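Summary of the model geometry
Each chain, written out:
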Amino acid sequence: MVILGGGFGGLYAARQLRKAPVRVTLVDRHNHHLFQPLLYQVATATLSPSEIAAPLRGILGRHRIQVLLAEATGIDLEHKRLLLADGELSYDFLIVATGATHSYFGHDEWARHAMGLKTIEDAVEIRRRVLLAFEMAERESDPDVRRALMTFVIIGAGPTGVELAGALAEISRNSLPGEFQNIDPNQARILLIEGLGHVLPSYPEALSVRARKALERLGVEVMTGARVTSIDATGVFMGSEHLPARTVLWAAGVSASPVARSLGAPMDRAGRVMVSPELTVPGRTDVFVVGDLSFVKQGDGTSVPGVAPAAMQEGKHAALSILRQIQGQPMMPFRYWDRGTYAVIGRGQAVGVAFRRVQQSGVAAWFAWLFIHITFLIGFRSKLAVLLNWAYSYLTFGRSARIITGAVPRLDKLEERFHPTVLPAPQEHQSLPAPSEPHPSPR
């Protein structure tokens, strides 16, 4: 059997099958499993990439599971083949767990100026842009350009946007002051823009209110009910209003992996496959879709959220369903056990709902969030390293991974980007629908 994708869904399916009498091949275009919920901590210089990622071969190789580094381009259901960019792979059973990517709601040109956060490469580049913005501001003499350099805009106030905004506020207020001679990092503006009426739209209203107050105490400017109409190198447009900013981050929406289209199955508006209760492609028993790529209806009519625990449970369930078929037993419908969802706001601050009912906020929610994330990290070394870094950051406000990678920046080469001519907002752009993304994390 073949598993496509080494995220939470694919990894937990593979681990469930490690002792089964089947030959398992896992295919991924990256050689590592990424603990995506902590990507924002790499982007904001708290953790290093190696602390939230582990080689797939190191995790699965000793279990005699074959790992192939390859990119899938499609699936041939009729001939039971996984199509790769450089070949193909036959399967008897297939589990598709390729996850989600950024969605710019039809404005893909915005991606150049507003980075999303889905991969290690994204996180490292965001870290570079954030730290470089302060370095450029230190050398800038024009006060207007300096203000734009020290303005950071996050679009989308779901968990990712809230966590990014809180972390950036802590960097500017607590980590960087005293390190520059010409600028005061405390003067940095952190703006969080949400198209709906409140932050964390998927959370209970009381927790949304508490999250907003916590963000505002950190100095974040929260703008709800605000519609982005354009993004360019100069900043963000909301109708005729222009917000000059040189660092814009995207947390407003996600879209399912394009490989889903080759399955020929019904999909929802986000491109997720509308699977059967058993997590199979409708009309088939040999192809399963799990994780962020699947749309699963629950008994109460709601859909299973796109979070890491759901992907883990779906991966296990798909693997067990395959074993049941091999043993001649009927498959069982999937049932999601919701242990809780959490969003961290800052040092010692978080909000969350445990077991669908118990609302938590403040330090108690933060410790619950910390415990859950440490529990799901892969490998003892990763858990120890993350714990030590969190302890250092909590006690000292320090950021141990403040490294700017890439070529040495040159002011004369960067001036074209940092001194552009501000143009009027394009009138033909439609308003951003801006539903904030579900957070793929162990909440």
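Heads up: the structure comes first, above all this text.
Since we're looking at a predicted model, the values are computed, not measured.

A short note on the overall build of the chain
Helix and strand counts for the chain stand at 11 helices and 25 strands. By residue count, 56% of the 443 residues in the chain fall in the buried class. In the chain, 66% of the contacts between residues at least 6 apart in sequence involve partners at least 24 apart.

A few points about the pairing of strand 13 (residues 189-194)
With respect to burial, strand 13 is a largely interior element, five of its six residues being buried. Here strand 12 (residues 151-155) pairs with strand 13 via five bridges, running parallel. Following the sheet pairing, isoleucine 155 is matched in strand 13 by isoleucine 193. Crossover strand 12 to strand 13 through helix 6 (residues 159-175) is right-handed. With five bridges connecting them, strand 13 and strand 14 (residues 220-224) associate as parallel partners. Among the inter-strand pairings, isoleucine 193 is bridged to a residue of strand 14, identified as methionine 223. You can see the chain leave strand 13, run along helix 7 (residues 205-217) and come back into strand 14, and the turn it takes is right-handed.

Here's the deal with the packing of helix 1 (residues 8-16) against helix 8 (residues 308-326)
Remark: helix 1 packs on helix 8, axes separated minimally by 7 Å, with the N-to-C direction vectors making an angle of 40 degrees. The interaxial crossing formed by helix 1 with helix 8 has right-handed handedness. Contacts between helix 1 and helix 8 involve Phe8, Gly9, Tyr12, Ala13 and Gln16 from the first element and Ala308, Ala311, Met312, Gly315, Lys316, Ala319 and Leu320 from the second. For the contact of helix 1 with helix 8, the per-class residue count stands at eight nonpolar, three polar and one charged.

Side note on the sheet that holds strand 9 (residues 94-96)
Hydrogen bonds between backbone groups are what pair the strands of a sheet, and the pairing can be parallel or antiparallel. The strand order 5-2-1-9-21 describes an open sheet built from five strands, whose pairing is parallel. Where the open sheet ends on each side, the last strands, each with one partner, are strand 5 (66-69) and strand 21 (287-289). Within the sheet, the average angular offset between the axes of one strand and its neighbour, ignoring direction, is 20 degrees. Sheet analysis places strand 1 (residues 2-4) next to strand 2 (residues 25-28), joined by three bridges and oriented parallel. What sits directly across from valine 2, in strand 2, is threonine 25. Here helix 1 sits on the sheet in contact with strand 1, strand 2 and strand 9, set at roughly 160 degrees to strand 1. Most of the contacts of helix 8 go to strand 21, to which it runs at about 160 degrees, and overall it touches strand 9 and strand 21.

Regarding the packing of aromatic side chains
Tallying each qualifying case throughout the model produces eight aromatic pairs. Between arginine 15 and the ring centre of tyrosine 12, over which it is positioned, the NZ or CZ distance is 5.4 Å.

Examining the pattern of salt bridges
Counted according to the given criterion, the structure contains 10 salt bridges. Between arginine 81 and glutamate 88 there is a salt bridge, and its shortest N-O distance comes to 2.8 Å. A salt bridge links arginine 129 to glutamate 125, with the nearest nitrogen and oxygen atoms 3.0 Å apart. Here glutamate 125 and arginine 129 lie together in helix 4 (residues 120-139), a separation of four residues that amounts to about one turn. By relative accessible area, glutamate 125 is classed as partly exposed at 27%. Among the ionic contacts, a cluster of salt bridges with common partners joins Asp76, Arg81 and Glu88.

Focus: the sheet that holds strand 17 (residues 241-244)
Here three strands make up an open sheet; going across it, the order is 15-16-17 and the pairing antiparallel. Both outer strands of the open sheet, strand 15 (230-232) and strand 17, are each paired with one neighbouring strand and no more. In this sheet, adjacent strand axes meet at a mean angle of 15 degrees when their direction is disregarded. With four bridges joining them, strand 16 (residues 235-238) and strand 17 adopt antiparallel strand pairing. Bridge pairing in strand 17 places valine 236 opposite leucine 243.

Overview of the environment of leucine 168
Topologically, leucine 168 is positioned in helix 6. For leucine 168, a relative accessible area of 4% translates into the label buried. Residues leucine 168 and threonine 44, 124 residues apart in the sequence, show an inter-C-alpha distance of 6.6 Å. The residues contacting leucine 168, other than those within four sequence positions of it, are Thr44, Val130, Phe152, Ile154, Ile190 and Leu249.

A look at unusual backbone geometry
One non-glycine residue, lysine 80, adopts positive backbone phi at about 55 degrees. Positionally, lysine 80 belongs in the loop between strand 6 (72-76) and strand 7 (81-84). On the basis of relative accessible area, lysine 80 is assigned to the partly exposed category, the value being 27%. The backbone of phenylalanine 105 sits at a positive phi, close to 55 degrees, despite the residue not being glycine. Positionally, phenylalanine 105 belongs in the loop between strand 10 (100-102) and strand 11 (114-115).

Notes on the side chain of glutamine 313
One can find glutamine 313 in helix 8. With a relative accessible area of 16%, glutamine 313 lands in the buried category.

What counts, and where the lines are drawn
- Once a new chain begins, its residue numbering starts again from 1 and follows that chain's sequence as written.
- Local features in a predicted model are, by the rule used here, given only for residues with pLDDT of at least 70; side-chain atom pairs are given and counted only at 80 or more, and totals for whole chains, interfaces and linings are based on all residues.
- The side-chain numbers reported here are obtained from all heavy atoms of the structure, hydrogens and water having been left aside.
- In this description a helix means any DSSP run of H or I spanning at least four residues, a strand means any run of E spanning at least two, and both kinds are numbered starting from the N terminus.
- Only protein chains enter the accessibility calculation, which uses a 1.4 Å probe; a residue is then buried when its area is under 20% of its type maximum, exposed when over 50%, and partly exposed in between.
- Only heavy atoms enter the contact rule, under which two residues are in contact if any of them lie within 4.5 Å.
- Only strands that DSSP links by at least two bridges are regarded as paired with each other.
- By convention, a crossover is right-handed whenever its connection, traced from the first strand over the helix to the second and viewed with the strands pointing away, goes clockwise.
- Axes here mean lines fitted to C-alpha atoms, for a helix over just the part in contact, with angles spanning 0 to 180 degrees between N-to-C directions.
- Crossings are classed by handedness, with left-handed meaning an anticlockwise turn of the near helix from the far one by less than a right angle and right-handed meaning a clockwise turn.
- In this classification, the charged set is Asp, Glu, Lys and Arg, the nonpolar set is Ala, Val, Leu, Ile, Met, Phe, Trp, Tyr, Cys and Pro, and all remaining amino acids, among them Gly, are polar.
- Here a pair means two rings of Phe, Tyr or Trp (six-membered ring of Trp) with centres within 6.5 Å. Their orientation is stacked below 30 degrees between planes, edge-to-face above 60, and tilted elsewhere.
- We count a charge as sitting over a ring when the NZ of a lysine or the CZ of an arginine lies within 6 Å of the ring centre and within 35 degrees of the ring normal.
- Here a salt bridge means any side-chain nitrogen of Lys or Arg lying within 4 Å of a carboxyl oxygen belonging to Asp or Glu.

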